[in-house]
Each structure stands twice: as C-alpha cells, then as structure tokens.
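# Report on the structure
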Amino acid sequence: MSIYEACPTFENDNFLLRPIVTEDCDDLLAVYSDKNALPFFNSDNCNGDNFYYPSKERMAKALAFWDLAYQNSWFARLAIVDKSIAGVIGSIELCLRISEDAFHHMGILRIDVSSGYEREDALYDIIALITPHIPRLLGCNGIITKAPIYAVERIKAIQKAGFTKSEHLLAGHNGYAYDGYWVITDP
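Notes on the structure follow. In this text, all values refer to a predicted model and were calculated from it rather than measured experimentally. (Residues numbered from 1 in each chain as written. Predicted model: local features only at pLDDT ≥ 70, side-chain atom pairs only at ≥ 80, totals over all residues. Heavy atoms only, no water.)

### Topic: the overall build of the protein chain
Going by this rule: A run of DSSP states H or I qualifies as a helix once it reaches four residues; a run of E qualifies as a strand once it reaches two. Both are numbered from the N-terminal end. The reference for a compact globule is 2.2 Å times residues^0.38; the radius of gyration itself is calculated from the C-alpha atoms. The contact rule is simple, with two residues in contact once any of their heavy atoms fall within 4.5 Å. Each accessible area is a Shrake-Rupley estimate made with a 1.4 Å probe; only the visible protein chains count as cover when residues are assessed. Only four residue types enter the tally: Lys and Arg on the positive side, Asp and Glu on the negative side, with His and both chain ends excluded. Working definition for charges: the position is that of NZ of Lys, CZ of Arg, CG of Asp or CD of Glu.
On a plain count of helices and strands, the protein chain comes out with five helices and 10 strands. The C-alpha atoms of the protein chain give a radius of gyration of 15 Å, which matches the 16 Å a tight globule of 187 residues would have. With the C-alpha coordinates aligned to their principal axes, the bounding extent of the protein chain is approximately 40 × 35 × 30 Å. Within the protein chain, residue pairs in contact and separated by at least 24 positions form 63% of the contacts whose partners lie at least 6 positions apart. Just so you have it, the protein chain exposes about 9,000 Å², and 52% of that area is on carbon and sulfur atoms. When the 16 positive and 25 negative side-chain charges of the protein chain are each reduced to one mean point, those points stand 3 Å apart.

### Details of the sheet that holds strand β7 (residues 164–165)
Defined as follows: One requirement defines pairing of two strands: DSSP has to find at least two bridges between them. In this description, a line fitted to the C-alpha atoms serves as the axis of each element, helices being fitted only across the stretch in contact, and the angle between N-to-C directions of two axes falls anywhere from 0 to 180 degrees.
The eight strands lie next to each other as β1-β2-β3-β4-β5-β6-β10-β7, forming an open sheet whose pairing is mixed. Of all strands in the sheet, those bounded by a partner on one side alone are β1 (10–11) and β7. Where helix α5 (residues 152–160) meets the sheet, its contacts fall on β5 (106–113), β6 (143–146) and β10 (181–184), and the angle it forms with β10 comes to roughly 15 degrees.

### Looking at the nonpolar core
For clarity, the threshold we go by: We call a set of buried Ala, Val, Leu, Ile, Met, Phe, Trp, Tyr and Cys residues a nonpolar core when their side-chain atoms join them within 4.5 Å. Using a 1.4 Å probe on the protein chains alone, a residue whose accessible area is under 20% of its type maximum counts as buried, one over 50% counts as exposed, and one in between counts as partly exposed.
Among the nonpolar cores identified, the biggest contains 33 residues, and Ile80, Ile92, Leu94, Leu109, Ile111 and Ile130 are the most heavily contacted of them. For this core, the secondary structure elements donating two or more residues are β2 (15–19), β3 (76–82), β4 (87–97), β5, α3 (120–130), α4 (134–138), α5 and β10. Tallying contributions element by element places α3 first for this core, with six residues. When sequence neighbours within four positions are dropped, the list of residues in contact with Leu109 reads Ile92, Glu93, Leu94, Ile130, Thr131, Ile134, Ile143, Ile144, Thr145 and Phe163.

### Focus on the pairing of β3
Summarising burial for β3: seven of the seven residues are buried, a large majority. Alternating residues of β3 divide into Ala76, Leu78, Ile80 and Asp82 and Arg77, Ala79 and Val81, and every residue in both groups is buried. As paired strands, β2 and β3 are joined by five bridges and run antiparallel to one another. Following the sheet pairing, Phe15 is matched in β3 by Asp82. Across seven bridges, β3 lies against β4 in antiparallel orientation. In the strand pairing of β4, Val81 is matched with Val88.

### Here we look at the environment of Ile111
With respect to the helices, strands and loops of the structure, Ile111 is situated in strand β5. Beyond its immediate stretch of four places on either side in the chain, Ile111 contacts Phe40, Ile80, Ser91, Ile92, Leu123, Ile126, Ile127 and Arg154.

### Notes on the packing of helix α1 (residues 25–32) against helix α2 (residues 56–71)
Using the following cut-off: Throughout, the term roughly parallel applies to angles under 35 degrees, roughly antiparallel to angles over 145, roughly perpendicular to angles from 65 to 115, and oblique to all others. Classes in brief: Ala, Val, Leu, Ile, Met, Phe, Trp, Tyr, Cys and Pro nonpolar; Asp, Glu, Lys and Arg charged; the others, Gly included, polar.
For the pair α1 and α2, interaxial distance at closest approach is 9 Å and the crossing angle is 105 degrees. Comparing their axes, α2 and α1 come out roughly perpendicular. Residue-level contacts link Cys25, Asp26, Leu28, Leu29 and Tyr32 of α1 to Lys56, Met59, Ala60, Leu63 and Trp66 of α2. Broken down by class, the residue content of the contact of α1 with α2 amounts to eight nonpolar, no polar and two charged.

In structure tokens form, the structure reads like this:
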C-alpha cells in the first residue's frame, strides 16, 4: 500500500515513527532551530529552504506545507518519537524521485534529528526501522540518502544499514549537481 493511501506507523524498542501532527510543533521547533543539527539536514532540491525554523510561526508554516505536500503526494513526513522521553526528536521525509539521472525511481530518505541524536546508534536504530518498508511504501527500486563527508556518525550508521557511497551526482531541478549520496538497492 502506498504511503499516500495511509500513512503508517513503525516502532521498535527505542523509537516510534508516525505521521506528524500539529501538536508536534513545539518539539519540532527544538529540532529545526538547533543550529548544531542544521548542517546534517538534506535540503538538496528544496527550492532554497535550508530547514532552519527559528520561530514557532515559521515551524507552523513548515508543518502546513508538509501537510499540503502529503495531500498532493509530493512527499511524506513522519515524526520520530523517542519513546524514552515520549517526545519528537526529528522527522523523516520519504519521496519517490522521478528524474533522468542515476537515481530515477529511487526512494529518497531524509532524516532530520536534533544534534543530540546525530549518533551512530540512534541513527542506525531509526534507519533500520524505516528502510525495509520504503520500497513498498513508495514503489521504488532502491533508496538514496545523503551524508556529507563530515557526517561521520551518520555515515557509520548508513553503512551498517547496508548503504554504499554512490559515484553518481544527483541532478537538481535547478541544474546543480549534488554529491554525498549513498544508495541501497536491497534493503
């Protein structure tokens, strides 16, 4: 079943992934106003949005846009809940890439977490929870995710999950070529 027919939830011992709700605004504001987390957010092909939301009003606008995007099947955002604190510590974005580059018909996995969770153990736990479901949810041939060279903990987590560094650049809709992508074809 497509993620746009019914947005699912997933759970393991540490995390719950579920649809974002407006009540998540304050928790997500703490994530998206975290300047130490900002360098790890993937804003490639996002029309200049860098995902830095320093006010509740700006975060609320982002939530409204994310809901609009989901309703139009552009992308889906899931809240990442740390079960030990019962709080939202980030979000996952999933979408299907339609392009003329090496990543055509691949699922894009974006993971944004507050800086305290930018650790191999936490990231791996989240990636291992969602990755096996992405081909079914998006109808894709594989998954790509971004990890810049300085994202040492993130790289360790995605390698542990089976991703390998791609030699290809992602062709942006603005003509820019983005690097730092990792791919898995059999999650």
